[in-house]
Amino acid sequence: MKKFIIFLTLSFLTPFLIQAQDLADALRYSTFQVQGTARAGAMGNAFGALGGDFTSISINPAGLGLYRSSEFVFTPAFNKNDMETNYRGSLMTDSKYNFSFNNLSYVSALTPRNQGETGLVNVNIGIGYNRLKDFNSTMLAGAANMNGSFLDYVADNANVNIWSDFYENLAWETDLLLRDDNGIYWHDIEEAGYGQSLRKSIARQGAINEYSLAAGFNFNHKLYIGASVGIVDVFYRETSQIREWDARNNIPYFDEMRFNSSLRTSGTGYNGKIGVIFKPINEIRLGASVHTPTFYNLRDIFETSMVSNITFDDGPDSFRETSPWSEYDYDLETPLRANFSGAFVIGKAGLLSVDYEYVDYGSSTLRRGGDGYDFVDENNEIAQIFKPVGNIRVGGELLATQNVSLRAGYEFYPSPYNREAFGATQPNADANRVTYSAGLGFRSGGFFFDLAYRYSYMKDFDLLYPAPVSDYYAAPEMASFSNVKNKVMFTLGFKF
């Protein structure tokens, strides 16, 4: 049971090694950091009580009410994702660069005819998108002189009557999975006492983007109310390869194996947000907002293949086998979110802002499988393994000159894992993500330019292949993954 729970708690970092939808999906599409404009990014996205920036639509749509003029902005970004792994004392690094558009938006400021500065002062309409999450990354992990194998998992499954076209059948058809006269499945690496080298590579692509239509209302320059409807677009692709080879040439027959897997997930979801900002005095702003769950309809396409190189008594040979494609539709409801914010504005000199976001990841729910499956067991696991968290965002801005502003921010996203689940300690209970940011802005007339740099760090643990379901084989060791994300953002904006 303990090995099973460890695999569950970590499966979101590995490509799918089972043909199923589970807590990996729930967490992957429920966790994110809003990536809108460069001004918000430089200030830690602490915009729940500030408004006046399209990023706030994804945090507190009441911020739309603070616009006093129409605006068009777009935000390109350059990203570098570095991953360092440590597996059985072997360090490996990999990195990936990518370019993206984090934000594109338009706000129309509407002032009621003959309206003064009391009552309903203005109504603003906004439309555009903010990027919520970027999946692009690559990583490598591996070690020499192994004491276990991915084929342990396959042979163990076969011995407990678990057989699928995606794993066991591939190993059988490529002569990697063998069976003795007693009907027991085994493999050459195990027979030789292991000692092979192993390397795993993973490449991820895709993003989550939120397209919003929002309205904000300004009452007496004291009370601001806003609401939005969001359509969320998801694309995720993950390809991986587990390669094992007899580097020391001490395993009879076995030379090399490569197991490849490919998962593609696409779909759309929708949500709603409502929020309020109140200014008891000019220097103080208080904000609150509620986000409904995002209701996703998703489709997974999954495929695996296996290649083997074997030297028989009469010479070397190679085999390749590919699984059928698996397509599966299902629904996912992400957690409800609540934001509470406060900001202190120091006249025209600067400001300080703090956001607190409450999210209960244990409330994520899988629903309506394409074959009528109800996900009862998976949802019970989600509720046991994940917990509520409070995300913290802090930001500040200093007006250095009449046209130039300096900014900085800090974000803390606690691990969504409970300390214990099903009687076992979860190794990722301390896998927190921390982000530091800084930037500057330039304003001249109706034009503005913002620049931001963001540094994000998280360390967590994972299995390179799943643990065997029985206790016959030893549980595989975990690898540590240290992830650093560097992002540079530029926003060009025009007010009119």
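Quick caveat, the model's predicted, so the values are computed rather than measured.

Participant: Describe the overall build of the protein chain, listing the residues and the values that go with them.
Facilitator: In terms of regular secondary structure, the protein chain is built from 7 helices and 23 strands. What you see for the protein chain is a C-alpha radius of gyration of 26 Å, in line with the 23 Å of a compact globule of 496 residues. Referenced to the eigenvectors of the C-alpha coordinate spread, the extents of the protein chain come out at roughly 95 × 45 × 35 Å. Expressed as a percentage of its 496 residues, the buried residues of the protein chain come to 57%. Of all intrachain contacts in the protein chain linking residues separated by at least 6 positions in sequence, the fraction that spans at least 24 positions is 74%.

Participant: I'd love a proper account of the pattern of salt bridges, names of residues and values included.
Facilitator: Evaluated as defined, the whole model comprises 22 salt bridges. Ionic pairing is found between arginine 39 and glutamate 397, a salt bridge with its closest N-O pair at 2.9 Å. With arginine 39 in helix H3 (residues 38–42) and glutamate 397 in strand S17 (residues 388–399), this residue pair connects regions lying 358 residues apart in the sequence. On the accessibility criterion, arginine 39 (14% relative accessible area) is buried. Classification of glutamate 397 by relative accessible area gives buried; the value is 13%. Glutamate 327 serves as the salt-bridge partner of arginine 299, at 3.3 Å between the closest nitrogen and oxygen. Note that arginine 299 is positioned in strand S11 (residues 295–312) and glutamate 327 in strand S13 (residues 326–333), a separation of 28 residues in sequence. One connected set of salt bridges, linked through shared partners, spans Arg39, Glu397, Arg407, Arg443 and Asp450.

Participant: Before we move on, can you summarise the nonpolar core with the specific residues and values?
Facilitator: Among the nonpolar cores identified, the biggest contains 71 residues, and Tyr29 and Phe150 are the most heavily contacted of them. Membership of the second largest hydrophobic core comes to 6 residues, among which are Phe54, Tyr67, Val107 and Ala214.

Participant: Break down the pairing of strand S9 (residues 254–281) for me, citing the residues and quoting the values.
Facilitator: Consecutive residues of a regular strand have side chains that alternate between opposite faces of the sheet. Where strand S8 (residues 223–245) and S9 come together, 23 bridges link them in antiparallel fashion. The partner of glycine 230 across the bridge, within S9, is asparagine 271. In the sheet, S9 pairs with S11 via 16 bridges, with the strands oriented antiparallel. Looking at S11, one finds that arginine 258 is bridged to valine 307. Of the strand pairs in this sheet, S9 and strand S10 (residues 284–291) are connected by 7 bridges, and their pairing is antiparallel. Across the sheet, isoleucine 274 pairs through a bridge with valine 290, a residue of S10. The antiparallel hairpin formed by S9 and S10 contains 2 residues in its connecting segment.

Participant: Please set out unusual backbone geometry residue by residue, giving values where relevant.
Facilitator: For aspartate 175, which is not glycine, the phi torsion reads 65° and is therefore positive. Following the sequence through the fold, aspartate 175 ends up in the loop between helix H5 (168–173) and strand S5 (178–179). When its relative accessible area of 30% is taken as the criterion, aspartate 175 is described as partly exposed. Located in the positive-phi region is histidine 221, a residue other than glycine, with phi close to 55°.

Participant: Explain the side chain of asparagine 339 residue by residue, including any values.
Facilitator: Position of asparagine 339 relative to the elements: it lies in strand S14 (residues 337–346). A relative accessible area of 2% means that asparagine 339 is categorised as buried. A polar atom in the side chain of asparagine 339 sits 3.4 Å from the side chain of histidine 291. Residues contacting asparagine 339, with those up to four places away along its chain left out, are Ile59, Gly287, Ala288, Ser289, His291, Tyr356, Glu357 and Arg393.

Participant: Outline helix H4 (residues 150–159), supporting the account with residue identities and numerical values.
Facilitator: Of all 10 residues in H4, 9 are buried, a share of seventy percent or more. Turning to H4, its buried residues are Phe150, Leu151, Asp152, Tyr153, Val154, Ala155, Asp156, Asn157 and Ala158. Those residues of H4 that are buried are in contact with H5, strand S6 (185–186), helix H6 (188–191), S8, S9 and S11. Near the N-terminus of H4, the side chain that reaches the backbone nitrogen of leucine 151, with its oxygen 3.0 Å away, is that of serine 149. With its phi angle positive at about 65°, asparagine 161 sits one or two positions after the end of H4.

Participant: How would you summarise the packing of aromatic side chains if you had to cite specific residues and measurements?
Facilitator: Under the defined criterion, the tally for this structure stands at 28 aromatic pairs. With a centroid separation of 6.2 Å and 85° between ring planes, the pair formed by tyrosine 29 and phenylalanine 135 is classed as edge-to-face. Highlighted residues: tyrosine 29 in the loop between helix H2 (23–28) and H3 and phenylalanine 135 in the loop between strand S3 (120–134) and strand S4 (137–143), separated in sequence by 106 residues. A single burial state applies to tyrosine 29 and to phenylalanine 135, both of which are buried. When the centroid spacing of 6.3 Å and the interplanar angle of 80° are considered together, the rings of tyrosine 153 and tyrosine 167 count as edge-to-face. With tyrosine 153 in helix H4 and tyrosine 167 in the loop between H4 and H5, this residue pair connects regions lying 14 residues apart in the sequence. Here the aromatic cluster, defined as three or more aromatic residues joined through ring pairs, consists of Phe78, Phe99, Phe101, Phe449 and Phe490.

Participant: Can you explain the environment of serine 105? Please cite residues and give values.
Facilitator: Inspection of the secondary structure assignment puts serine 105 in strand S2 (residues 90–110). Classification of serine 105 by relative accessible area gives buried; the value is 3%. Distance from serine 105 to glycine 493, taken between C-alpha atoms, is 9.6 Å for residues 388 residues apart in sequence. The residues touching serine 105, leaving out its near neighbours within four places in the chain, are Phe54, Glu71, Phe72, Val73, Ile127 and Gly128.

About the cut-offs
Residues numbered from 1 in each chain as written. Predicted model: local features only at pLDDT ≥ 70, side-chain atom pairs only at ≥ 80, totals over all residues. Heavy atoms only, no water. Helix = DSSP H or I, 4+ residues; strand = E, 2+ residues; numbered from the N terminus. Rg over C-alpha atoms; globule rule 2.2 N^0.38 Å. Buried < 20%, exposed > 50% of the residue type's maximum accessible area, 1.4 Å probe, protein only. Contact = heavy atoms within 4.5 Å. Salt bridge = Lys/Arg side-chain N within 4 Å of Asp/Glu carboxyl O. Core = buried A, V, L, I, M, F, W, Y, C linked by side-chain atoms within 4.5 Å. Pairing = 2+ DSSP bridges. Polar contact = N/O pair within 3.5 Å; in protein donor to acceptor, adjacent residues only side chain to side chain. Phe/Tyr/Trp six-rings, centres within 6.5 Å; stacked < 30°, edge-to-face > 60°.

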